[in-house]
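# Working through the structure, step by step
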Amino acid sequence: MTAQRDLWEQLNREIIGCRRCPRLVEWREQVARERRRAFADWEYWGKPVPGFGDTQARVLIVGLAPGAHGSNRTGRMFTGDSSGDFLYRALYEAGFASQPTANHRGDGLKLQDVFITAVCRCAPPDNRPLTEEILNCQPYLVQELRLLSQMEGIVALGRIAFERVQKILRPENPLLPFRHGAFYKPVDHLPWLLASYHPSRQNTQTGRLTPAMFAGIWQRVREELG
């Protein structure tokens, strides 16, 4: 366990210290300097955001990228914005999170059996990382997949995460179609894959993703875990 913990700590140091993408470095640091008026008294994180959760998890949750005034401010995945509010409430109600809110890194939130990460670790302008930026980040996701030795399945939040996971795990296969609730259980020993709309404000405030729809995702996860 000590060796495994050391590997996680080393990986997280590498992620936090990453400066591979000049556009993202400039943007995340500009946002951290200028801040949003509502968070003027915050010292923004302003760095790449490492994964968060149970390193013995059976389920990996993959999102797109940190929010400019969410994870880029707080330094923890899906923490401090409306996407995180939607996600963590659902995880709490499904028994995967110790509390329904995620406000800052020291708020006491613990995850059980899930680990949360993203295909891009820096907040991108307009929430749109470039393909080359995602590829620069890909080795970190690959390493997390290797370290999560108990993992049985993956929940991909949004089409980009859904397709990126497939390109890593099944590079020789054609991409499976994305739709909310789509579940794929391979015949080989790779993890199962469950697709969900991303809990972005654009989706949740328009009704494209409702609490009931999202709860159905985590109910399916529970069923698969037995």
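Throughout this document, residue positions are counted from 1 along each chain, in the order its sequence is written. Where local features are concerned, this predicted model is filtered to residues with pLDDT of at least 70; where side-chain atom pairs are given and counted, the filter is 80 or more; whole-chain, interface and lining totals use all residues. Note: side-chain values were computed over all heavy atoms of the structure, leaving out hydrogens and water.

## Observations regarding the environment of V165
Counted only if it meets this: Each helix is a run of H or I in the DSSP string that is no shorter than four residues. Each strand is a run of E no shorter than two, and both are numbered from the N terminus. The contact rule is simple, with two residues in contact once any of their heavy atoms fall within 4.5 Å.
Along the chain, the position of V165 falls in helix α6 (residues 159-169). Separated by 48 residues in the primary sequence, V165 and M213 have C-alpha atoms spaced 22 Å apart. Residues within four places of V165 in sequence aside, it is in contact with V62, I154 and L193.

## Quick notes on helix α2 (residues 22-34)
Test applied: Here, expected helix span is obtained from the residue count minus one, scaled by 1.5 Å. Exposure categories follow from relative accessible area, calculated using a 1.4 Å probe and restricted to protein chains: below 20% of the type maximum is buried, above 50% is exposed, and the middle band is partly exposed. Working definition: the arc comes from the directions between the helix axis and the C-beta atoms, pointing outward to the latter.
Between its terminal C-alpha atoms α2 stretches 18 Å, which fits the 18 Å expected from 13 residues at 1.5 Å a residue. Those residues of α2 lying buried are L24, V25, R28, V31 and A32. All buried residues of α2 lie within an arc of 140 degrees about the axis, which places them on one face of the element. Among the exposed residues of α2, those oriented more than 90 degrees off its buried face are P22, E26, R33 and E34. Along its buried surface, α2 packs onto α3 (71-74) and α5 (131-147). Among the residues trailing α2, R35 stands out with phi positive, at a value near 60 degrees.

## Side note on empty space enclosed by the protein
Heads up, the condition is: A 1.4 Å probe that fits but cannot get out identifies a cavity on a 1 Å grid over protein atoms alone, an open set with protein on both sides within 12 Å along at least five of seven lines counts as a pocket, and a residue lines either if it has an atom within 4 Å of a point. Grid points are joined across faces, edges and corners, and a volume is the space filled by probe spheres set on the points. We call Asp, Glu, Lys and Arg charged. Ala, Val, Leu, Ile, Met, Phe, Trp, Tyr, Cys and Pro are nonpolar, and the rest, Gly among them, are polar.
What the rule picks out here adds up to one cavity of 30 Å³ or more. Approximately 90 Å³ is the volume found for the largest cavity. What lines the largest cavity is a set of 15 residues, and nearest its centre among them are C18, R20, C21, C122 and C137. Mapped onto the lining of the largest cavity, the elements with two or more residues apiece are α2 and α5. Here the residues of the lining of the largest cavity sort into 10 nonpolar, no polar and five charged.

## Focus: the pattern of salt bridges
Oppositely charged side chains may form a pair once their charged atoms are brought near each other. Inclusion rule: The salt bridge criterion pairs a side-chain nitrogen of Lys or Arg with a carboxyl oxygen of Asp or Glu, the two atoms within 4 Å.
Tallying each qualifying case throughout the model produces 10 salt bridges. One salt bridge connects R19 with E29, and the closest N-O pair in it is separated by 2.9 Å. Of this pair, R19 sits in the loop between α1 (2-16) and α2 while E29 sits in helix α2; the two residues are 10 residues apart in sequence, bridging distant segments of the chain. A relative accessible area of 53% means that R19 is categorised as exposed. Looking at E29, the relative accessible area reads 26%, which means it is partly exposed. Put simply, R28 and E29 hold a salt bridge, and the shortest N to O gap is 3.9 Å. One salt-bridge network, held together by shared partners, links R19, R28 and E29.

## Quick look at unusual backbone geometry
The bulk of non-glycine residues show a negative phi, and the bulk of peptide bonds are trans. If you check the backbone angles, D113 has positive phi at about 75 degrees while not being a glycine. Phi at N127 is positive, roughly 60 degrees, even though this residue is not glycine.

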